[in-house]
Amino acid sequence: KKNLRQDKVILYFHGGGYAVGGIETHRALCTQLCKYSGAKVLIIEYRLAPEHHYPAPIEDAVSVFKWLLGQGYTSQDICFAGDSAGGGITISALAYLRDNNLPLPACAVVFSPWLDHTFSGKSYTTKRDKDPMLVYEAFPIWSKAYLGEAPPDAPYASPIFHSLSGLPPILIQVGEDEMLLDDSVRLAEKAQQEGVQVELQIFKGHFHVFNAFWKILPSARKANQLAGLYIARHLQTSIISNAQTTHHAA
């Protein structure tokens with residue numbers, strides 16, 4: 001804690017299909033981001049489905065970002081980050097801020113983001129038997145609980161169909177064997193086409209949000225280190241680490 005920059009913060013949106021998860025489930029993963037970035041982290045308990053529908057989590061994300069700005073942080077002191085549904089919130093909140101001419105954070109990091117409620121990516125079916133973390137038949141249930149009456153391609157529900165132009169730099173980490181692989185690949189392709197600085201890291205043989213298993217997977221620790229160093233560079237936390245000298249984009 002004593003080595004963390006008090007003026008730099010990662011605003012983290014947890015995964016859980018928009019219906020479960022919170023501070024307790026994601027604190028351990030976020031400690032990794034603190035360790036490798038030198039920044040503090042704020043995990044928010046956004047409103048969950050089915051009691052709260054789209055766009056409640058987006059509204060909560062924007063509200064907390066505005067609160068941080070009111071506490072004296074500048075937008076360039078802040079990084080957005082999230083996994084799975086939280087990755088979707090991350091990208092959607094960025095688009096909302098841009099659309100409403102509000103400040104944008106310095107960068108964003110997403111782990112296995114869920115970006116498409118129409119399930120149009122081929123990996124939903126081609127990887128359905130490879131990913132131990134996700135259940136193919138459950139996706140429509142989770143999605144309906146979140147969307148309520150909103151269409152599945154609503155701009156802040158499925159940001160893969162929304163303009164990404166003008167968003168800050170984005171790092172995407174995803175497993176090669178997960179159902180949401182194509183969400184990440186298409187995000188990277190679309191972001192690049194629209195002039196966004198984007199980095200896509202695909203981890204061979206890995207599954208949905210493998211980053212959370214860093215206590216037992218050396219590759220997850222390495223991925224989290226890469227994510228932390230990416231944040232450190234963009235927040236300019238001046239973290240000194242031997243890993244910086246060997247960091248290469250995947």
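Rules used throughout
Here the residue numbers are simple positions, counted from 1 along each chain's written sequence. This being a predicted model, a pLDDT of at least 70 is required before a residue's local features are given, and a value of 80 or more before pairs of side-chain atoms are given or counted; all residues contribute to the totals for chains, interfaces and linings. Processing note: side-chain calculations cover all non-hydrogen atoms of the structure and skip hydrogens and water entirely. Counting from the N terminus, the helices are the DSSP runs of H or I reaching at least four residues and the strands are the DSSP runs of E reaching at least two. Atoms considered for the radius of gyration are the C-alpha atoms alone. The globule rule reads 2.2 Å times the number of residues to the power 0.38. The pairing criterion for strands is at least two bridges between them, as found by DSSP. For every element, the axis is a line fit to its C-alpha atoms; helices are fit only across the contacting stretch, and the angle between N-to-C directions ranges from 0 to 180 degrees. Here, residues are in contact when the closest pair of their heavy atoms is within 4.5 Å. Relative accessible area decides the class of each residue, using a 1.4 Å probe on protein chains only: under 20% of the type maximum gives buried, over 50% gives exposed, and in between gives partly exposed. Points on a 1 Å grid over protein atoms alone make up a cavity when a 1.4 Å probe fits among them but cannot get out, and a pocket when they form an open set with protein on both sides within 12 Å along at least five of seven lines; lining residues each have an atom within 4 Å of a point. Grid points are joined across faces, edges and corners, and a volume is the space filled by probe spheres set on the points. When residue character is reported, Ala, Val, Leu, Ile, Met, Phe, Trp, Tyr, Cys and Pro are called nonpolar, Asp, Glu, Lys and Arg charged, and the others, Gly included, polar. Each residue after the first adds 1.5 Å to the expected span of a helix. Roughly parallel means an angle under 35 degrees; roughly antiparallel means over 145; roughly perpendicular covers 65 to 115; every other angle is labelled oblique. Note: crossing handedness is left-handed where the near helix turns anticlockwise from the far helix by less than a right angle, and right-handed where it turns clockwise.

Novice: I'd like a description of the overall build of the chain, backed by residues and values.
Specialist: Scanning the chain for helices and strands turns up eight helices and six strands. Each helix and strand of the chain, placed in order from N terminus to C terminus, yields the pattern β-α-β-α-β-α-β-α-α-β-α-β-α-α. The globule rule puts the C-alpha radius of gyration for 250 residues at 18 Å, and the 17 Å found for the chain is close to it. With respect to the three principal axes, the spread of C-alpha positions in the chain is 45 × 40 × 35 Å.

Novice: Tell me about the sheet that holds strand S1 (residues 5–13), and name the residues and values.
Specialist: Spatially, S2-S1-S3-S4-S5-S6 is the arrangement adopted by the six strands of the open sheet, whose pairing is parallel. Edge positions in the sheet fall to strand S2 (39–43) and strand S6 (198–203), since each has one partner strand and no second. Strand-to-strand twist across the sheet, computed as the mean angle between neighbouring axes with direction ignored, equals 20°. Where strand S4 (residues 107–111) lies against strand S5 (residues 170–175), four bridges are found, and the strand directions are parallel. Note that in S5 the partner of Val109 across the bridge is Leu171. Against the sheet, helix H6 (residues 181–193) contacts S4, S5 and S6, and its axis sits at roughly 155° relative to S6. Running over the sheet, helix H7 (residues 218–235) touches S1, S2, strand S3 (78–83), S4, S5 and S6 and is turned about 170° from S4.

Novice: Describe in detail unusual backbone geometry, supporting the description with residues and values.
Specialist: Residue Pro50 is bonded to the preceding Ala49 through a cis peptide linkage, with omega at 0°. Among the structural elements, Pro50 can be located in the loop between S2 and helix H2 (56–70). The peptide bond linking Tyr54 to Pro55 adopts the cis configuration, its omega dihedral lying at 5°. Tracing the backbone shows Pro55 in the loop between S2 and H2. In this structure, Asn101 takes a positive phi of about 55° despite not being glycine. Note on placement: Asn101 falls in the loop between helix H3 (85–99) and S4. A positive phi is found at Ser112, a non-glycine position, where the angle reads about 50°. In this structure, Ser112 sits in the loop between S4 and helix H4 (123–126).

Novice: Provide a residue-level description of the pairing of S5, including the pertinent values.
Specialist: Extensive coverage of S5 is indicated by the burial of six of its six residues. Residues Ile170, Ile172 and Val174 line one face of S5 and the alternating positions Leu171, Gln173 and Gly175 line the opposite face, and both faces are buried. Both S5 and S6 contribute to a ladder of six bridges, which runs parallel. Residue pairing across strands places Leu171 opposite Glu199, the latter belonging to S6.

Novice: An account of the layout of surface pockets is needed here, citing residue identities and associated values.
Specialist: Where empty space is left in the structure can be found by rolling a water-sized probe over the atoms. The volume enclosed by the largest pocket comes to roughly 490 Å³. As for the largest pocket, its lining consists of 24 residues, of which Gly16, Ser84, Met133, Leu134 and His208 are closest to the centre. Considering every element that reaches the lining of the largest pocket, the biggest residue donor is helix H1 (residues 23–37), with four residues. Among the residues making up the lining of the largest pocket, the classes are represented as 15 nonpolar, seven polar and two charged.

Novice: Account for H7, with residues named and values stated.
Specialist: With 18 residues, H7 should reach 26 Å at 1.5 Å per residue; the first-to-last C-alpha distance of 26 Å fits that figure. Counting buried positions along H7 yields 13 of 18 residues, so the element is predominantly enclosed. Immediately downstream of H7, the backbone of Gln236 shows phi near 55°, a positive value.

Novice: Give a description of the packing of H2 against H3 that names residues and reports values.
Specialist: Direction vectors running N to C along H2 and H3 enclose 65°, while the axes themselves pass 9 Å from each other. Regarding the angle of H2 to H3, the classification is roughly perpendicular. As H2 packs across H3, the resulting crossing turns out to be right-handed. For the pair H2 and H3, the contacting residues are Pro57, Ile58, Ala61, Val62 and Phe65 in the first and Ile89, Ser92, Ala93, Tyr96 and Leu97 in the second. A per-class count over the contact of H2 with H3 returns nine nonpolar, one polar and no charged.

Take it as geometry only, folks, not as evidence of what the structure does.
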